[in-house]
Amino acid sequence: MEIETAKPVVQVVKKDIRKLALSDIKTFLTSQGEQGFRAKQIYEWLWKKSATRFDQMTNLSVPLRNLLNEHFVINSISVDKKQVSSDQTIKSAFRLYDSHLVEGVLIPAEDRMTACVSSQVGCSLTCKFCATGYMDRKRNLDAAEIYDQVVAIRNQAEEHYQTPLTNIVYMGMGEPLLNYANVMESIERITSPDGLNMSPKRITVSTAGIAKMIKKLGDDEVKFRLALSLHAANDVKRDQIMPINESNTLEALKEALMYFYKKTGTRVTYEYIVFHNFNDSIQDARELYEFTKHTPCKVNIIEYNPIAEANYVNAEGDKIAQFGKFLEDKGVVVNIRRSRGKDIDAACGQLAGKDKQVA
C-alpha cells in the first residue's frame, strides 16, 4: 500500500517591481497577453507619482492590477517615528521592508527646504566624531529606498510648511560612494523628467573621501555637487578622527578632486568641523587653505554636535571666527553653519537610528 506524502509548499518570493527596467516590465506584460504600452503607465506610477500600492494605479484595469500584485511587490519605506525640533527641523526614522531603520531629516530655512537622506543602514567607516560611525553597516540601501526618503521628506515639507522641497543632501547615514550604483540610480530617478524632475544642481553628495570613486564621479561627468568631509588638512590629525584617511591620504584626495573639477567644472565644497584644541588653530586654517587652493571651492565651517560615544567639544566662538577670517582673507568662500535639530539628535553627525533597530 502506497502512503501519499504531502507535497512541500513552495513559497514564491515576489520581486520588487522597482528593480525592473521599463523594458523588463514591458516584456513581462506582453508575456502575459497584456499590451506593452501599459509598461510606461506603470513606470510613471512608480517614479513620477510615487505609488506604493498597485491599487493606486487607477488607469490600469482591475485584472491587470491583480496580475501585478500576484507577481510583484513595491518595497516602500514607512515613517516609523517623527520628531519635530524647536527650530522646526523634522527627523524621521524610516522603517525598511526588512525592518531595518534609517534616518532622514527635513531642514527648513528662509531660502530653501532641504532633505538630508541616508544611503546605507549603518556605516562601514568609523569616523570618531560621528554617531553612525559607531554602528555596523548592515546593508546598502537600494535606489528606490533612497528615492522614497526624498518623497517622504518632500511630503513633510508641503504638509508642515506649505513649501516645496528645493534641495537634497546625501549626508545622512552611510558613505554614499561605497553604495555608488544605487546612489547614482536614485539621483537619476529624482532628476529625470520621468521621475521627480528635480535639478541635479540642487543635489549634493557628501563623502568622507574615497579617492578612486571621486575620480569615477568625474569620469561619469556628474551634474550634481560634491562635498568632502575633510575636518583636518593634516594626515596625522585626519588619521586620528577618520581612519579612511589611512588608505585615502590627503595627497590622493587632492589629486582626485583636481581630476573631478577638470572633468565636471563643478567647484567642491569642503566640510570642516572645528574641534576645540584639535584643529582650531591658525596653523590648521593655513593647512586647510593650502589643501583647498588647487581648485575653486567653498568651505563650510560646521558646528560640532556632541555624541555620547565621543569626547570631542566644539571650538570656542572666537576661535571659529578667527579661523574663518583667515580663510576669507586668503580669498576662500566661507560659510559658518549653525546646527539644526540638535535637540532631537538630528544635527550633523548625530544620526544613529538606534530606536527599535534590528540586530
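Predicted, not measured: the structure shown is a model, and the values here were computed from it. (Residues numbered from 1 in each chain as written. Predicted model: local features only at pLDDT ≥ 70, side-chain atom pairs only at ≥ 80, totals over all residues. Heavy atoms only, no water.)

S.K.: What is the right way to read the UniProt feature "active site" (unreviewed entry) in the chain from this model?
M.R.: UniProt marks E103 and C348 with the feature "active site" (unreviewed entry), using the numbering shown here. Among the secondary structure elements, E103 is positioned in strand β5 (residues 101-108). (UniProt positions renumbered as here; feature names shortened; annotations may be inferred. Helix = DSSP H or I, 4+ residues; strand = E, 2+ residues; numbered from the N terminus.)

S.K.: What's the story with helix α9 (residues 282-292) in this structure? I'm lost.
M.R.: What sets the pattern is the α-helix's 3.6 residues per turn: residues three or four places apart point alike. Regarding α9, the residues found buried are D284, A285, L288, Y289, F291 and T292. Buried residues of α9, viewed axially, fall in a sector of 160°; they line one side. Where α9 is buried, its residues meet β11 (225-229), α7 (235-241), α8 (250-264), β12 (268-273), β13 (297-302) and α10 (317-329). (Buried < 20%, exposed > 50% of the residue type's maximum accessible area, 1.4 Å probe, protein only. Arc of directions from axis to C-beta. Contact = heavy atoms within 4.5 Å.)

S.K.: What am I meant to see in the nonpolar core here?
M.R.: The nonpolar side chains of a soluble globular protein tend to be buried with one another. In terms of nonpolar packing, the biggest core is built from 105 residues, with I17, M57, L68 and Y170 touching the most fellow members. Residue contributions to this core peak at 9 residues, all from helix α4 (residues 143-161). Apart from residues no more than four positions distant in its own chain, I17 is found in contact with I25, I42, L46, F54, L68, F72, V73 and I74. (Core = buried A, V, L, I, M, F, W, Y, C linked by side-chain atoms within 4.5 Å.)

S.K.: Can you walk me through the pattern of salt bridges in this structure?
M.R.: Pairs can form between side chains of opposite charge once their charged atoms are near each other. Applying the stated criterion across every chain, the model contains 17 salt bridges. With a shortest N-O distance of 2.9 Å, R139 and E145 are connected by a salt bridge. Put simply, D98, R139 and E145 are held in one network by salt bridges that share partners. (Salt bridge = Lys/Arg side-chain N within 4 Å of Asp/Glu carboxyl O.)

S.K.: Help me understand the confidence of the model for the chain, please; the structure alone is not making it clear to me.
M.R.: The predicted structure's coordinates, where accompanied by low pLDDT, should not be read in detail. Mean pLDDT over the chain: 91, with 91% of residues reaching 70 or higher. Here residues 355-359 is modelled with pLDDT under 50, and outside its nearest four sequence neighbours on either side it reaches 14 contacts, counting other chains as well. (pLDDT = per-residue confidence, 0-100.)

S.K.: I tried to follow the environment of V333 on my own but got confused; where do I start?
M.R.: With respect to the element layout, V333 can be found in strand β14 (residues 333-337). On a C-alpha basis, the gap between V333 and C297 in space is 7.2 Å, while along the polypeptide they are 36 residues apart. With residues near it in sequence (within four places) discarded, V333 still touches R267, C297, K298 and V299.

S.K.: What exactly am I supposed to notice about the packing of helix α6 (residues 211-219) against α8 here?
M.R.: Helix-helix packing is characterised by the crossing angle of the two axes and by the distance between the axes. Here α6 crosses α8 at 5°, and the two axes come no closer than 8 Å. Relative to α8, α6 is oriented roughly parallel. Residue-level contacts link A211, I214, K215, L217, G218 and D219 of α6 to A252, L253, E255, A256, L257, Y259, F260, K263 and T264 of α8. When its residues are assigned to classes, the contact of α6 with α8 shows 9 nonpolar, 2 polar and 4 charged. (Axes fitted to C-alpha atoms, helices over the stretch in contact; angles between N-to-C directions. Parallel < 35°, antiparallel > 145°, perpendicular 65-115°, else oblique. Nonpolar A, V, L, I, M, F, W, Y, C, P; charged D, E, K, R; others polar.)

S.K.: What's the story with unusual backbone geometry in this structure? I'm lost.
M.R.: Outside of glycine, negative phi angles account for most residues, and trans bonds account for most peptide bonds. The phi dihedral of S50 is positive, around 55°, even though this residue is not glycine. A positive phi angle, near 50°, is found at Q162, a position not held by glycine. Inspection of the secondary structure assignment puts Q162 in the loop between α4 and β9 (167-170). Among the residues examined, Q162 registers a relative accessible area of 61% and is labelled exposed.

S.K.: Whenever I open this one, the UniProt feature "binding site: S-adenosyl-L-methionine" (unreviewed entry) in the chain confuses me. Can you help?
M.R.: Taking the numbering used here, the UniProt-annotated feature "binding site: S-adenosyl-L-methionine" (unreviewed entry) corresponds to G174, E175, S206, S229, L230, H231 and N305. Mapped onto the fold, E175 is located in the loop between β9 and α5 (180-191). Residue classification places E175 among the buried positions, given a relative accessible area of 2%. Excluding its chain neighbours within four sequence positions, the residues that come into contact with E175 are S119, Q120, C123, L125, S206, T207, A208, G209 and I210. Excluding its chain neighbours within four sequence positions, the residues that come into contact with L230 are R238, M242, L250, Y270, E271, L288 and F291.

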